[in-house]
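Listed below, chain by chain, are the residues.
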Amino acid sequence: MMKRTISGMIGAGSLAHNRRDFVAENVNPDRVQLNICYKNENLKEVYKELFDDAVERYNVGKRKDRQIANYYEKIRQSKQEKLFHEVIFQIGNREDMAVGTAEGGQAVKVLDEYVKNFQQRNPTLHVFSCYLHQDEATPHLHIDFVPFVTGSKRGMDTRVSLKAALDEQGFKGNSRGNTEWKQWVESEKMELEKVMERHGIQWLKKGTHEKHLSVLDFE
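Residues numbered from 1 in each chain as written. Predicted model: local features only at pLDDT ≥ 70, side-chain atom pairs only at ≥ 80, totals over all residues. Heavy atoms only, no water.

Chemist: Could you give an account of the packing of aromatic side chains, naming the residues involved and the relevant values?
Modeler: Counting across every chain of the model gives eleven aromatic pairs. Centre to centre, the rings of Phe89 and Tyr114 are 5.5 Å apart; their planes meet at 70°, and the pair counts as edge-to-face. Of this pair, Phe89 sits in strand S4 (residues 85–91) while Tyr114 sits in helix H4 (residues 102–116), and the two are 25 residues apart along the sequence. For the pair formed by Phe89 and Tyr114, the shared burial category is buried. The ring of Tyr58 is capped by Lys62, whose NZ or CZ atom sits 4.1 Å from the centre of that ring. (Phe/Tyr/Trp six-rings, centres within 6.5 Å; stacked < 30°, edge-to-face > 60°. Helix = DSSP H or I, 4+ residues; strand = E, 2+ residues; numbered from the N terminus. Buried < 20%, exposed > 50% of the residue type's maximum accessible area, 1.4 Å probe, protein only. Lys NZ or Arg CZ within 6 Å of the ring centre and 35° of its normal.)

And the structure:
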């Protein structure tokens, strides 16, 4: 059975790069049409859809200076939370799963099958942008999402919170080395492993200390 590594890392969250509004140096323009777009929603519209009602409920009876005028802007300027988060998943590397090879084609099939159930599996992470790139060295997925929690007793009853969103899904961080994010990524890798095995590929685990690659090295 073929053995391949799984990489899961935090992405830079460059939506324009993911959409190919511009073509970076590491992109082959002749292959751009091979990319798959699963989701491309407007982030500001997503914020309205997810949080407008909660903002309205929160503002009732509050002094003007305590009201939230624009939740998108509030989070954009926040030091605690980010507007959205990005995770990148890849199987193998440019040596053993290169775009244009039979193995690279298999990687595309696996990633395509894996991502189809991502939203269903992660109900508190609203995916608004999702692309499978085949115009760089190795096929890989960019998944961008807004983490949110409902029924909150603090602040707005529906609000942005990565920690609370992952906690809601059963991931409870207990140390710097074992955060909610780390547990969640590991869980998603296990989901990816299941799909790989259906395609005759085994997960090659290379020790516990994974190298933290920059996005460009990674891609």
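From this point on, the discussion continues.
Chemist: So, the pattern of salt bridges: which residues are in play, and what are the values?
Modeler: Going through the model one piece at a time under the given rule, you end up with 15 salt bridges. One salt bridge in this structure joins Asp65 and Arg63, with 2.8 Å as the shortest N-O distance. Here Arg63 falls in the partly exposed class, since its relative accessible area comes to 48%. The residue Arg76 makes a salt bridge to Glu73 at a minimum N-O spacing of 2.8 Å. Of this pair, Arg76 and Glu73 are both found in helix H3 (residues 71–76), three residues apart, which corresponds to roughly one turn of the helix. One salt-bridge network, held together by shared partners, links Arg20, Asp135 and Glu136. (Salt bridge = Lys/Arg side-chain N within 4 Å of Asp/Glu carboxyl O.)

Chemist: Pulling in residues and values, what's your account of the pairing of strand S6 (residues 140–149)?
Modeler: With ten of ten residues buried, S6 lies mostly within the body of the structure. Residues His140, His142, Asp144, Val146 and Phe148 line one face of S6 and the alternating positions Leu141, Ile143, Phe145, Pro147 and Val149 line the opposite face, and both faces are buried. Where S4 meets S6, six bridges bridge the pair, whose relative direction is antiparallel. Considered in S6, the bridge of His85 is made with Phe145. As defined by bridge partners, strand S5 (residues 125–133) adjoins S6 across eight bridges and the pair is classed as antiparallel. Pairing of Leu125 across the sheet is with Pro147, part of S6. The pairing of S6 with strand S7 (residues 159–160) spans two bridges and is classified as antiparallel. What sits directly across from Phe148, in S7, is Val160. (Pairing = 2+ DSSP bridges.)

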